[in-house]
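Observations on the model geometry
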Amino acid sequence: MKRIEVVQNILEANDSIAAQNQQLLNRNGVFAINIMAAPGAGKTSLILQTIAKLKDKLRIAVIEGDVASTLDSEKVRNEVADVVQINTRNMSESCTLIANMVGHALSRLPLGDIDLLLIENVGNLICPSEFALGEHKRVVISSLPEGDDKPAKYPVIFADADAVVINKLDFLPYVEFDIDSFQNALKGLNPKIEIFQVSCKTGAGIEDWCAWLLKELEANKHKAQTKK
Ligand code: MG
């Protein structure tokens, strides 16, 4: 039984740091999104498309989480001024970002000058679902080449998500992916989930995704103001 106690304590500690992160974000008027997905689903591509669409309206910063390398940060840093890379190799948790890592990254960002913070989590569908980071919304990207069985195989990450972005829609003619049954599986896990169909390659569907982000950002601003 001791083992279970230890795990609970780690998660409790993480939750309290995540709550502190969120307070810090709220004080500075920053809206934060935790982007989770398997490797190669298009996390960095969605971030780049989102920046392209919203950078005239919002001041955007990015936290890049990867086990190793600065490859994704290098792709993003031409587009936004503020990027922090977190490499999780050799850390206690290497398969996900945790609140403590994000807290350190926040201390390096000019939060007063940021409206939207995009956090790219480490690529997998298991560990990131366990750890809150202080984000306002949790988004999972699922791409067509991965197959439509992911909600059945990895239900936890989808059940806790606010939105799912179905990416690589341009692959539809070449892969077996039943979009209707995929969406029904998501709604079965989480009736309130928002679903977007996009292609980061062609830009299809990015408009709707960004409209939702803007709407949620405004709603959060309003919520923070009424709390004051
Ligand atoms: Mg990436």
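Before going into details, it helps to say that this report is about the structure given with it. The shown structure was predicted, so the numbers you read here are calculated from the model rather than taken from an experiment.

As a further point, take the environment of Val 30. Checked against the element boundaries, Val 30 lands in the loop between helix 1 (2-27) and strand 1 (31-37). Val 30 sits 82 residues away from Gly 112 along the chain, and the two C-alpha atoms are 7.8 Å apart. Setting aside anything within four residues of it in sequence, one finds Val 30 in contact with Leu 25, Leu 111, Ile 114, Asp 115, Leu 117 and His 136.

One pass over the structure, following the stated rule, counts five aromatic pairs. Feature note: the residues Phe 158, Phe 177 and Phe 182 constitute an aromatic cluster, connected by ring pairs.

What follows is about the coordination of the magnesium ion. Within the protein, Thr 44 (OG1), Asp 72 (OD) and Glu 120 (OE) serve as the donor atoms for the magnesium ion, at 2.1 Å. Donor residues binding the magnesium ion come from one chain and are separated in sequence as T-x27-D-x47-E. Separated by 76 residues along the polypeptide, Thr 44 in helix 2 (residues 43-54) and Glu 120 in strand 4 (residues 116-120) bring together distant segments of the chain. The pair Thr 44 / Glu 120 is uniform in exposure class, with both members buried.

Calculation criteria
- Residues numbered from 1 in each chain as written.
- Predicted model: local features only at pLDDT ≥ 70, side-chain atom pairs only at ≥ 80, totals over all residues.
- Heavy atoms only, no water.
- Helix = DSSP H or I, 4+ residues; strand = E, 2+ residues; numbered from the N terminus.
- Contact = heavy atoms within 4.5 Å.
- Phe/Tyr/Trp six-rings, centres within 6.5 Å; stacked < 30°, edge-to-face > 60°.
- Donors = N, O, S within 2.8 Å, 3.2 Å for Na, K, Ca; no water.
- Buried < 20%, exposed > 50% of the residue type's maximum accessible area, 1.4 Å probe, protein only.

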